Amino acid sequence: MAKFIFVTGGVISSLGKGITSASIGRILEARGLKVTLMKFDPYINVDPGTMNPYQHGEVYVTEDGAETDLDLGHYERFTHAQMTKFHNVTTGQVYNAVITKERHGDYLGKTIQVIPHITNEIKERVKIAAHVSGADIVIAEIGGTVGDIESLPFLEAARQFSLDMGKDNVLYIHVTLVPYIKCAEEIKTKPTQHSVGTLREIGIQPDVLICRTEKPLSNELKEKISLFCNVRKEAVIEAKDVGSIYQIPLVFKNQVLDEIILSHFRLISKSCDLKDWEKNVVERAISPKNKITVAVVGKYITLQDAYKSIYEALIHAGIANDARVEVKKIDSEIIEKQGAEKILKGVSGVLVPGGFGYRGIEGKIKAIKFAREKKIPLLGLCLGMQCAVIEFARNVCGLKGANSSEFKPKTKYPVISLLEEQSRVKNLGGTMRLGAYLCKIKKASLAYKSYGKALVKERHRHRYEFNNKYKKIFEKKGMVFSGIYQKKNLVEIVELKNHPYFVAVQFHPEFKSKPNKAHPLFREFIKAGLALSKLYESDIGVRGREGF
Ligand code: GLN
């Protein structure tokens, strides 16, 4: 039978519960255990697919096409667990299921209540995740902060879990903040005491406290937290801010958190082996030899979480190339106003991410034109590919005013358009082309050189596609269609000859990048960028590439 860990958060949001859960997964895997992770989101939306990135941050897409919380990205990056639609549960999904059952008459005349019907449904979801993954340990993260009204049913279900499964099979971890008050030069434990107090009122006594802190926690402080929160002192774990999130499993291992968890579950397993992670991820992330600056030209730039997987994939590509990747976050509307030259001068790569709607599009197109003409490495992702196609149509193929029918439904040259099946779609939630599809790669292409194989599977989240009517003109003008979804003859990858690295893809490679296995397209993008940055430093670069 699987063992279950519930991770809750207290004091404030954004404490890094997702990364904490993922890191716990990592150290347990390092002990030879099979783990899976899941996330409960207390909002009423069925999934985050219809939410604005400013509300929610990135929507992470799983292999089976679920639109999920970005924490599932951390889970997949830190561990071998494969996320599916069963691994992200929202209040909306739970109520939807209960109400559907009620309408069907499944409850045989009973009054439907939060306890036990909603909590049973939640517990059932945990068991399903355990079952589909066959894991030894299920780590279930409960979104929000203890004390929120919305998360109460999830906490209640978590409480009941140890009653149902037995105390030895369930462990509660509470992530909390221990703030440093500068003017008093003191670290304060009171917020943690209060948040653990709230948790205990609900009936949950945490077994482990993960204390987020700016300063080290002294022995006395740990003793105080232990006493007031009724948690063993060695289970009061210090989680001091670190330079790279990939250090956190090591921080936990050094405080034997893996052993604390295993002994609670009465599990015996091999010793914790994180050598490879330490050498090939952490050390390379912290002290790389090279440095490179790339621009990410998007429209949700002010929000760190909106392009989470992209920023992580760039870090991974840096690790693979022994380079620190500095990201210049550029609002594409600024390029519209000030021009690409002024804003992008000196960068060694341009990445154009995905997105929806017309705002900022013309700036992305200008940035792509600049990268194409000045031979700066370009990586276009989803909408980024669609913009690369529009740019090429307008400026190379002479199709004046070419556009995507998403932005201009009556455009004369709809080089990006809807397939018949998508034009009939009425509901916006969950109806895009979602999840993994096969992509056949042309030999003698940059894509093939990057992947080193002819068939790959990549994740999608879009409605619009390249319009095959224009394929011939594009090919004549030098665009290479190097990746195709053969079953429906859909364009997946476009690239350019006579350019060091110009690759744009209809899918989202960022979702499959890992710190110890950078995604090939990101890795080669950064490699090409490094070659350019070396050129910048040399005289030839300055002479050969006027305009920089
Ligand atoms: N808006 C575009 C589409 O729906 C691109 C989507 C994306 O970048 N994820 O096709």
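If you're wondering where the values come from, they're calculated on a predicted model, not measured in any experiment. Starting afresh in each chain, residues are numbered from 1 along the sequence in its written order. Only residues with pLDDT of 70 or above have their local features reported here, since the model is predicted, and side-chain atom pairs are shown and tallied only from 80 upward, although totals for entire chains, interfaces and linings are computed over all residues. Processing note: side-chain calculations cover all non-hydrogen atoms of the structure and skip hydrogens and water entirely.

(A) Molecular detail of the overall build of the chain. Helix and strand definitions here come from DSSP, where helices need a minimum of 4 consecutive H or I residues and strands a minimum of 2 consecutive E residues; each element is numbered from the N-terminal end. In terms of helices and strands, the chain carries 21 helices and 23 strands. Two things to know: the radius of gyration comes from C-alpha atoms, and the globule rule equals 2.2 Å times the number of residues to the power 0.38. In terms of overall size, the chain behaves like a compact globule, its C-alpha atoms giving a radius of gyration of 25 Å where 548 residues would be expected to give roughly 24 Å. Over its C-alpha atoms, taken along the principal directions, the chain stretches across nearly 70 × 60 × 45 Å. Every one of the 548 residues in the chain was classed for burial, and the buried ones make up 58%. For this analysis, residues touch if any pair of their heavy atoms sits within 4.5 Å. Considering only contacts within the chain whose residues lie at least 6 apart along the sequence, 73% involve residues at least 24 apart. The cut-offs for exposure are 20% and 50% of the maximum accessible area for each residue type, with area from a 1.4 Å probe on protein chains only; residues under the lower value are buried, those over the upper are exposed, and the others partly exposed.

(B) Main features of a nonpolar patch on the surface. Like-charged residues within 9 Å of one another, or nonpolar side chains (Val, Leu, Ile, Met, Phe, Trp, Tyr) within 5 Å, are grouped into patches, provided each residue has over 30% relative accessible area and no salt bridge. Areas reported as accessible are Shrake-Rupley estimates using a 1.4 Å probe. Residue values count occlusion only from the protein chains shown. Throughout this description, the term salt bridge denotes a Lys or Arg side-chain nitrogen within 4 Å of a carboxyl oxygen of Asp or Glu. Residues Tyr95, Ile99, Val114 and Ile115 make up a contiguous nonpolar surface patch of about 340 Å² in total accessible area. Secondary structure elements with two or more residues in the nonpolar patch: helix H4 (91-104) and helix H5 (114-133). Within the element layout of this structure, Ile115 appears in helix H5. In this structure Ile115 comes out as partly exposed when scored by relative accessible area, which is 47%.

(C) Layout of the side chain of Ser405. Mapped onto the elements of the fold, Ser405 is located in the loop between strand S16 (403-404) and strand S17 (414-418). When neighbours within four sequence positions are excluded, Ser405 is seen to be in contact with Ile416, Ser417, Leu418 and Tyr464.

(D) Quick look at the pattern of salt bridges. Overall, the coordinates contain 34 salt bridges when judged by the stated rule. The salt bridge involving Arg359 is made with Glu333; its shortest N-O contact spans 2.7 Å. On the criterion of sequence distance, the pair formed by Arg359 in the loop between strand S14 (350-352) and helix H15 (361-373) and Glu333 in helix H13 (residues 332-338) is long-range, its members being 26 residues apart. On the accessibility criterion, Arg359 (34% relative accessible area) is partly exposed.

(E) Here's a closer look at the nonpolar core. Put simply, buried Ala, Val, Leu, Ile, Met, Phe, Trp, Tyr and Cys residues joined by side-chain atoms within 4.5 Å make one nonpolar core. Core analysis: the largest hydrophobic core is formed by 57 residues, its most contacted members being Ile5 and Leu28. With five residues, helix H1 (residues 17-29) is the largest single contributor of residues to this core. In contact with Leu28, not counting residues within four places along its chain, are Ile5, Leu33, Val35, Ile137, Ile139, Asp258, Ile261 and Leu262. Residues Cys397, Leu399, Ile416 and Phe502 belong to the second largest nonpolar core, which totals 45 residues.

(F) The sheet that holds strand S6 (residues 137-142), seen in detail. The pairing criterion is simple: DSSP has to find at least two bridges between the two strands. Here seven strands make up an open sheet; going across it, the order is S5-S2-S6-S1-S7-S10-S11 and the pairing parallel. This sheet does not close on itself; its edge strands, each paired only once, are strand S5 (88-90) and strand S11 (236-240). On average, adjacent strands in this sheet sit at an angle of 20° to one another, irrespective of strand direction. Sheet analysis places strand S1 (residues 3-9) next to S6, joined by five bridges and oriented parallel. The partner of Lys3 across the bridge, within S6, is Ile137. Sheet contacts for helix H3 (residues 71-78): strand S2 (35-41), S5 and S6; angle to S2, the most-contacted strand, approximately 170°. With axes taken as lines fitted to C-alpha atoms, and helix axes fitted only over the stretch in contact, angles between N-to-C directions fall between 0 and 180 degrees. With respect to the sheet, helix H8 (residues 219-229) is in contact with strand S10 (208-213) and S11, its orientation differing from that of S11 by roughly 130°.

(G) Examining the side chain of Glu238 more closely. Structurally, the position occupied by Glu238 is in strand S11. Of the side chains with opposite charge, Lys222 comes closest to the buried, unpaired Glu238, at an N-O distance of 5.2 Å. Definition of a polar contact: a pair of N or O atoms within 3.5 Å, with one able to donate and the other able to accept a hydrogen when the atoms are protein atoms, and with sequence-neighbouring residues admitted only if both atoms are side-chain atoms. A distance of 2.9 Å separates a polar side-chain atom of Glu238 from the backbone nitrogen of Leu217. If near-sequence neighbours (up to four positions away) are discounted, Glu238 is found in contact with Cys211, Thr213, Pro216, Leu217, Lys222, Val251 and Gln255. The charge count includes Lys and Arg as positive and Asp and Glu as negative, but it does not include His or the ends of the chains.

(H) How the structure looks around the packing of aromatic side chains. Two aromatic rings from Phe, Tyr or Trp, using only the six-membered ring of Trp, form a pair when their centres are within 6.5 Å; if the ring planes differ by under 30 degrees the pair is stacked, by over 60 it is edge-to-face, and anything between is tilted. Under the definition given, this model contains 18 aromatic pairs. Their ring planes at 85° and their centres at 6.2 Å tell us that Tyr307 and Tyr311 sit as a pair that is edge-to-face. The class of Tyr311 is buried, set by a relative accessible area of 6%. For the pair Phe466 and Phe481, a centre-to-centre distance of 5.0 Å together with 50° between the ring planes defines the contact as tilted. Of this pair, Phe466 sits in strand S20 (residues 464-466) while Phe481 sits in strand S21 (residues 479-485), and the two are 15 residues apart along the sequence. Pair check on accessibility: Phe466 and Phe481 agree, each one buried.

(I) The arrangement of the site of the ligand in detail. We call a residue near a given molecule or strand whenever any one of its heavy atoms falls within 4 Å of it. The environment of the ligand is made up of Gly354, Gly355, Phe356, Cys382, Leu383, Gln386, Glu406, Arg461, His462, Arg463, Tyr464 and His508. A distance of 3.0 Å separates an oxygen atom of the ligand from a polar atom in the backbone of Arg463. If the ligand stood free it would expose 300 Å²; the protein chains cover 98% of that surface. At the level of elements, helix H16 (383-395) and strand S19 (455-462) are the ones that each hand at least two residues to the shell around the ligand.

(J) Region of the structure containing helix H7 (residues 190-202). Spanning 13 residues, H7 covers 19 Å between terminal C-alpha atoms, matching the ideal 18 Å at 1.5 Å per step. Here H7 has its buried residues at Thr192, Gln193, Ser195, Val196, Leu199 and Ile202. Against the buried residues of H7 lie S1, helix H6 (152-165), strand S7 (170-177), S10 and H8. Of the residues trailing H7, Gly203 is marked for its positive phi of about 110°. In this scheme, a helix's expected span is set at 1.5 Å multiplied by one less than its residue total.

(K) Looking closely at the pairing of strand S12 (residues 290-298). Relative to strand S13 (residues 323-331), S12 runs parallel, the two being bridged by nine bridges. Bridge pairing links Asn290 to Ala323 in S13. Each parallel crossover has a hand, and for S12 linked through helix H12 (residues 308-320) to S13 it is right-handed. Where S12 meets S14, two bridges bridge the pair, whose relative direction is parallel. Across the sheet, residue Ala295 finds its bridge partner in S14, namely Val350. Whether a crossover is right-handed depends on one test, that the path from the first strand over the helix to the second runs clockwise when the strands point away from the viewer.

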